[in-house]
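Architecture at a glance
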There are 2 protein chains.
Amino acid sequence: MPSKSDNPFTSLKRIFHEPNRLAILSALCSAANGLTFRDLKEQCDLTDGNLSRHLKALEEAGVIDIEKKFVGVKPQTTVLLTDKGRKNFIEYLKALEDVLKKAADAVSSGEEGEALPFEWIKPLGAQ
Amino acid sequence: MPSKSDNPFTSLKRIFHEPNRLAILSALCSAANGLTFRDLKEQCDLTDGNLSRHLKALEEAGVIDIEKKFVGVKPQTTVLLTDKGRKNFIEYLKALEDVLKKAADAVSSGEEGEALPFEWIKPLGAQ
């Protein structure tokens with residue numbers, strides 16, 4: 001039996017895997033100066049409560065920093081990806097890439113020559 | 001604000017997204033005649049209880065059929081992907097491909113020219 005670490009499926013870090021977390025991390029990755037709570041909420045199409053819960057979990061895991069300051073008289077929350085968070089998210093995406101390759105290969109192997117709708121997945125072993 | 005259906009992250013079907021479900025579906029995709037409970041358990045590195053719970057949810061969603069028969073005096077459970085299950089899983093993988101592209105593009109946009117470790121992800125807009 002393969003060990004857990006040999007299994008590409010179980011090596012997917014669960015802290016990133018939930019679809020809304022993927023959206024949050026992707027948004028933060030392309031924002032070098034961070035994003036305000038409001039921007040992040042709009043970009044990820046989340047409610048205040050949902051976004052707050054995800055941010056709390058990501059902050060506890062050291063993936064993001066949350067900065068609170070006043071802009072004039074208004075409080076503003078800015079969310080930034082940490083170096084550790086960026087590194088770990090890239091590792092997660094690599095693992096996701098492996099999983100997608102394996103799944104696409106499995107689907108192709110059962111299709112008996114039928115064309116698959118993937119644009120850019122090359123099944124393992126394909127020339 | 002984009003609608004839910006425009007958001008590639010929320011279009012990921014949750015029935016398939018859990019890592020162990022991905023492993024189960026990938027294993028079943030390449031087994032035209034189905035897999036026994038025992039084979040599936042070993043290939044996916046799961047306990048009896050965990051595999052049973054996932055199979056129950058997948059059967060209720062019409063993704064798999066579970067056949068029980070006797071081989072001699074021993075009961076044997078065989079799990080088969082339904083046509084609907086195969087079709088929906090391929091749609092899920094397409095959505096996952098889109099999400100991975102978007103995330104890889106976001107990561108690349110923040111890297112300022114640094115080489116990324118992806119073997120085959122081409123960021124959106126790359127030539």
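Since this is a predicted model, take the numbers as computed values, not measurements. (Residues numbered from 1 in each chain as written. Chains lettered and ligands numbered in written order. Predicted model: local features only at pLDDT ≥ 70, side-chain atom pairs only at ≥ 80, totals over all residues.)

**Considering the sheet that holds strand 2 (residues 64-71) of chain A**
Residue and element names in this part refer to chain A. Our working definition: A pair of strands is considered paired only if DSSP assigns at least 2 bridges between the two. In this description a helix means any DSSP run of H or I spanning at least four residues, a strand means any run of E spanning at least two, and both kinds are numbered starting from the N terminus. Here, residues touch in the contact sense if the C-beta positions derived from the backbone fall within 7 Å of one another. Note on method: axes are straight lines fitted to C-alpha atoms, helices fitted across the in-contact stretch only, with angles between N-to-C directions ranging 0 to 180 degrees.
Taking strand neighbours across the sheet as the criterion, the three strands line up as 1-3-2 in an open arrangement whose pairing is antiparallel. If you trace the sheet from one side to the other, it starts and ends with strand 1 (35-36) and strand 2, each paired once. The pairing of strand 1 with strand 3 (residues 74-81) spans two bridges and is classified as antiparallel. Its bridge partner being in strand 3, threonine 36 is matched across the sheet by threonine 78. Helix-sheet contacts for helix 2 (residues 19-29) involve strand 1, strand 2 and strand 3, and the interaxial angle to strand 3 is about 90°.

**Section: the sheet that holds strand 2 (residues 64-71) of chain B**
All names here are of chain B. Across the sheet, which stays open at both edges, the three strands sit in the order 1-3-2 with antiparallel pairing between neighbours. The two strands at the open ends of the sheet, each matched to only one other strand, are strand 1 (35-36) and strand 2. In the packing of helix 4 (residues 48-60) onto the sheet, the strands contacted are strand 2 and strand 3 (74-81), and the crossing angle to strand 2 comes to about 120°.

**As for unusual backbone geometry**
All names here are of chain A. Inclusion rule: Three classes are used. A residue is buried when 20 or more other C-beta atoms lie within 10 Å of its own, exposed when 12 or fewer do, and partly exposed in between, with C-beta atoms placed from the backbone.
Unlike most non-glycine residues, aspartate 45 shows phi in positive territory, near 60°. Tracing the backbone shows aspartate 45 in the loop between helix 3 (37-44) and helix 4 (48-60). Aspartate 45 sits in the partly exposed class, given 18 other C-beta atoms within 10 Å.

**What to know about the pairing of strand 2 of chain A**
Residue and element names in this part refer to chain A. The pairing of strand 2 with strand 3 spans eight bridges and is classified as antiparallel. If you follow lysine 68 over to strand 3, its bridge partner there is threonine 77. Between strand 2 and strand 3, which pair antiparallel in sequence order, lie two residues; one of them, glycine 72, sits at a positive phi of approximately 65°.

**Quick word on the nonpolar core**
Note the following rule: In this usage, the nonpolar core is the set of buried Ala, Val, Leu, Ile, Met, Phe, Trp, Tyr and Cys residues whose C-beta atoms join them within 7 Å.
Ranked by size, the top nonpolar core spans 60 residues in total, and within it Leu28 of chain A together with Leu28 of chain B carry the most contacts. Other than its neighbours up to four places away in sequence, leucine 28 of chain B contacts Leu35, Ile64, Val79 and Leu81 of chain B.

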